[in-house]
Structure formats: structure tokens, C-alpha cells
Amino acid sequence: MGPETAGVDIGVELAALVVATSSLDELLVGIAELAAGAVAAAVSASVALTAPAWSGHAIAVDERAARLEAVQRRHGAGPGTDALRAGNAIEVGDLRTERRWPAFASAAVGAGVHAVRAVPMRVRDGAPIGVLTVYGTAPAAFDPPGRGLADRIAGFATVAVTGTMRSYDDTTLSARLRQALVSRSAIDQAIGIVMAEQGCPAEKALTVLRMAAKNRRATLQAVAAEVVARTEEPALSRP
């Protein structure tokens, strides 16, 4: 399949996603899953938004990517952050030797991720609305066709996401909804962390979090936020 054919197929798949999904979250999940499945060397992917009403909202394919997104947001440093600042793709072939983002690199290598490519999602010369990140387990995982495909997915996804976000005006996207979106992101991250720690499926991890919230008479969102913070605490304490 040539680059032009691949681009058309990706465009068709994303158009189908826009029609089939009923929320921005569902669309982001579809985009991340499409990237992880279409880019040959990618084992996982995530999409993080930076548009004002959705800033900090991220969707990951699995708990590994969710944890790396959490580390990156916590420290304000990582490939996605740099891609947004630079306005162009950032790729690292071997995170074992990466020195710009020690917390992210350490967490990634510990999770078996050695290569990463982060592509800003932007419309022409405008500010990026987010970043698409793909993760690989092998060093130098992404070859030129893989890079090109990830970049094309980010480009098509930008159009799809921008159109979907425009369907939410300021009255529809209330402060309560924004907070709910952020809370959901924290819960998703906490589920992934519990899955990794206890080797259990997502349903069991959610039950563990709910029981902890019930026993402590706290909200699920509060418990999830503590789990995420606790996981990142050792990285914060390192010099």
C-alpha cells in the first residue's frame, strides 16, 4: 500500500469514526486505537488535548500509555510537551539514553517502551489542539513509512477532533462537564495503575477503586487522584 492509498484509507476510517461515535471521548479512543493498530511498530498510543476547554484531557489505548501520559503531565516534560512547544514531531529512538525528560524516560523504559514519536495536531499554521503519541518497544522502532503514517493520522485526526469540539459551545460544555472529563481521565489512569500492580482486568481494578472509596467515604474521583499521585511520588523525589 502506497502513501497516497494509506492516506485515503486513514481518512475514510476517521470519517467513519466521526459518524459512528457519539462523544469526543469515543472519537479520541478510536483515534488512539487506529494509530496503535495502523502504525506497524506501535504497541500503544495516546491522544492529549490542549484546546482551552479540554486542556489536560487525554485518552490512552492501555494502562501503559495512560501512566506515561500521567507522568508527562505531572512533570510538564516529555515528548508530547516538547512537540507542542516546538510545533513539530518529536521522536526518540532509544529512551534509555534520553536525558531531556528523566522522569518520563525512566517510566517508559520501566514499562518496556524504548521508542516514542509525538506529533502535534494542528490546523495549518494555527496553535496545536493536541498531540498524538505512539509508543514502540524496540529501539528505533519507527521507520520512514511508520513515521509518515503516524503524521497522516495526526493530520486527519486534527480535522475530525476540531469539528467535534466545535459542536460543544460554551453553554453546553459547562464547568461541571469539564470537571467530569478531567475526573474521568484520572479514573482511567488509576484503573490502569491498579491493573498493572495487581495483574487484574479493568473491571476488577474499578471494583477495587470503588471499594476503597466506599470504605473511606470518599469519592471515586478523589481516590483515583490519590492513586495517580502515589504512583508518581517516587519519581518526584528523585534528584
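About the thresholds
Residues numbered from 1 in each chain as written. Predicted model: local features only at pLDDT ≥ 70, side-chain atom pairs only at ≥ 80, totals over all residues. Heavy atoms only, no water. Helix = DSSP H or I, 4+ residues; strand = E, 2+ residues; numbered from the N terminus. Buried < 20%, exposed > 50% of the residue type's maximum accessible area, 1.4 Å probe, protein only. Contact = heavy atoms within 4.5 Å. Areas by Shrake-Rupley, 256 points an atom, 1.4 Å probe, with all protein chains shown as cover. Expected span 1.5 Å × (residues − 1). Arc of directions from axis to C-beta. Pairing = 2+ DSSP bridges. Axes fitted to C-alpha atoms, helices over the stretch in contact; angles between N-to-C directions. Phe/Tyr/Trp six-rings, centres within 6.5 Å; stacked < 30°, edge-to-face > 60°. Polar contact = N/O pair within 3.5 Å; in protein donor to acceptor, adjacent residues only side chain to side chain.

J.: Looking at this model, I keep getting lost on the overall build of the chain. Mind explaining?
T.: Regarding its fold elements, the chain presents 9 helices and 5 strands. Burial analysis of the chain (239 residues in total) assigns 46% to the buried set. Of the contacts made within the chain by residues no fewer than 6 positions apart, 60% connect residues no fewer than 24 positions apart. About 11700 Å² of surface is accessible on the chain, with carbon and sulfur atoms providing 55% of the total.

J.: Can you walk me through the environment of Ala-77 in this structure?
T.: Looking at the element boundaries, Ala-77 is found in the loop between α3 (63-75) and α4 (79-86). Sequence spacing of Ala-77 and Phe-104 is 27 residues, and the spatial spacing of their C-alpha atoms is 7.4 Å.

J.: Can you help me understand the side chain of Thr-133 in this one?
T.: Note that Thr-133 resides in strand β5 (residues 130-136). Non-local contacts of Thr-133, meaning those with residues more than four positions away in its chain, are made with Ser-44, Ala-45, Ser-46, Glu-69, Val-116, Arg-117 and Ala-118.

J.: Would you explain unusual backbone geometry in this entry?
T.: Excluding glycine, a negative phi dihedral is what most residues carry, and trans is how most peptide bonds are arranged. In this structure, Ala-140 is a non-glycine residue whose phi angle is positive, near 50°. Looking at where Ala-140 falls in the secondary structure, it is placed in the loop between β5 and α6 (144-166). Judged by relative accessible area, Ala-140 falls into the exposed class, the value being 60%. Despite not being glycine, Arg-217 shows a phi value in the positive range, around 55°.

J.: What is the right way to read helix α8 (residues 202-216) from this model?
T.: Three- or four-residue spacings in an α-helix give side chains the same orientation, since the helix completes a turn every 3.6 residues. Taking 1.5 Å per residue, 15 residues should reach 21 Å; α8 reaches 21 Å between its end C-alpha atoms and fits that length. Ala-205, Leu-206, Leu-209 and Ala-213 are the residues of α8 that are buried. Axial view of α8: buried residues confined to an arc of 100°, hence all on one face. Exposed residues pointing more than 90 degrees away from the buried face of α8 are listed as Glu-203, Lys-214 and Asn-215. Of the residues flanking the end of α8, it is Arg-217, one or two places downstream, whose phi is positive at about 55°.

J.: Which parts of the structure should I look at to understand the sheet that holds β5?
T.: One key point about sheets: their strands pair by backbone hydrogen bonds, in either a parallel or an antiparallel sense. Sheet architecture is open: 5 strands sit in the order β2-β1-β5-β4-β3, paired in antiparallel fashion. The sheet terminates laterally at β2 (58-60) and β3 (90-92), the two strands that pair on one side only. Averaged over all adjacent pairs, the angle separating strand axes in this sheet is 10°, with direction ignored. Sheet analysis places β3 next to strand β4 (residues 115-121), joined by 3 bridges and oriented antiparallel. Across the sheet, residue Glu-91 finds its bridge partner in β4, namely Arg-117. Docked against the sheet, helix α2 (residues 24-38) engages β1 (44-49), β2 and β5, running at close to 145° with respect to β1.

J.: I tried to follow the packing of aromatic side chains on my own but got confused; where do I start?
T.: Two measures describe an aromatic ring pair: the distance that separates the ring centres and the angle between the ring planes. Tallied over the full model, the rule gives 1 aromatic pair. On the numbers, 6.2 Å between centres and 85° between planes, the contact of Trp-101 with Phe-104 is edge-to-face. Pair check on accessibility: Trp-101 and Phe-104 agree, each one buried.

J.: Is there a simple way to explain the side chain of His-114 in this structure?
T.: Residue position: His-114 is located in the loop between α5 (102-110) and β4. The buried category is assigned to His-114, whose relative accessible area is 16%. Of note is the side chain of His-114, whose polar atom sits 2.7 Å from the backbone oxygen of Thr-137. Sequence-distant contacts of His-114, that is, excluding residues within four places in its chain, are made with Val-92, Gly-93, Asp-94, Leu-95, Arg-96, Val-109, Gly-136, Thr-137, Ala-138 and Pro-139.

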